[in-house]
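Here is what each chain is made of, one letter per residue.
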Amino acid sequence: GRGGGEQEVPHIPVVYQDEHFAVVSKPAGMLVHRSREASDRVFLLQTLREQLGRHIYIVNRLDRAVSGLMCIAFDSETAAKAQEALSRNDSTKEYVAI
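Treat the numbers as computed from the prediction; the structure is a model and nothing was measured. (Residues numbered from 1 in each chain as written. Predicted model: local features only at pLDDT ≥ 70, side-chain atom pairs only at ≥ 80, totals over all residues. Heavy atoms only, no water.)

Scanning the entire structure with this criterion turns up 2 salt bridges. R88 is the partner of E84 in a salt bridge, and the nearest nitrogen-oxygen pair spans 2.7 Å. Here R88 falls in the partly exposed class, since its relative accessible area comes to 45%. (Salt bridge = Lys/Arg side-chain N within 4 Å of Asp/Glu carboxyl O. Buried < 20%, exposed > 50% of the residue type's maximum accessible area, 1.4 Å probe, protein only.)

This is the structure we're talking about:
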């Protein structure tokens, strides 16, 4: 690693992407967004904004310790519709513990 306690910024794999949203593979150990309690300097939200070169909206979250697929939207309307679909159980969530 580098000196100064800096965290290395990983490349986030994009599994699917169209004009409205993308599905990305979040690595274990990474926070989705800033937290007052965490001293982390690398977050999924900011990393993806820089990597994709555009504003993004998080549709679903995963805990720091969990790796897995996350949906991000490129506009607030798409994000709201996707979050509503998740809350209505129009989708399936599957968790695998190893």
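So, on to the layout of surface pockets. Of the volumes computed, that of the largest pocket is approximately 620 Å³. Considering the residues around the largest pocket, the lining is formed by 22 residues, among which N60, L62, L69, E94 and Y95 are closest to the centre. If you list the elements that add at least two residues to the lining of the largest pocket, you get strand 2 (21-26), strand 4 (68-73) and helix 2 (76-87). The element that contributes the greatest number of residues to the lining of the largest pocket is strand 4, accounting for 4 residues. When its residues are assigned to classes, the lining of the largest pocket shows 14 nonpolar, 5 polar and 3 charged. (1 Å grid on protein atoms, 1.4 Å probe; cavity = no way out; pocket = protein on both sides within 12 Å on 5 of 7 lines; lining within 4 Å. Points joined across faces, edges and corners; volume = space filled by probe spheres on them. Helix = DSSP H or I, 4+ residues; strand = E, 2+ residues; numbered from the N terminus. Nonpolar A, V, L, I, M, F, W, Y, C, P; charged D, E, K, R; others polar.)

We now examine helix 1 (residues 44-52). Those residues of helix 1 not exposed but buried are L44, L45, T47 and L48. Buried residues of helix 1, viewed axially, fall in a sector of 165°; they line one side. Buried residues in helix 1 make contact with strand 2, strand 3 (57-58) and strand 4. (Arc of directions from axis to C-beta. Contact = heavy atoms within 4.5 Å.)

To continue, consider the environment of V42. If you trace the backbone, V42 turns up in the loop between strand 2 and helix 1. Taking C-alpha positions, V42 is 25 Å from D18, a pair spaced 24 residues apart along the chain.

Attention now goes to the nonpolar core. Counting 15 residues, the largest nonpolar core has L48, I56, I58, M70 and I72 as the members making the most contacts within it. Of all the elements in the fold, those that place two or more residues in this core are strand 2, helix 1 and strand 4. Considering every element that reaches this core, the biggest residue donor is helix 1, with 3 residues. For I72, the contacting residues outside a window of four places in its chain are F21, A22, V24, L48, L52, I56, Y57, I58 and V59. (Core = buried A, V, L, I, M, F, W, Y, C linked by side-chain atoms within 4.5 Å.)

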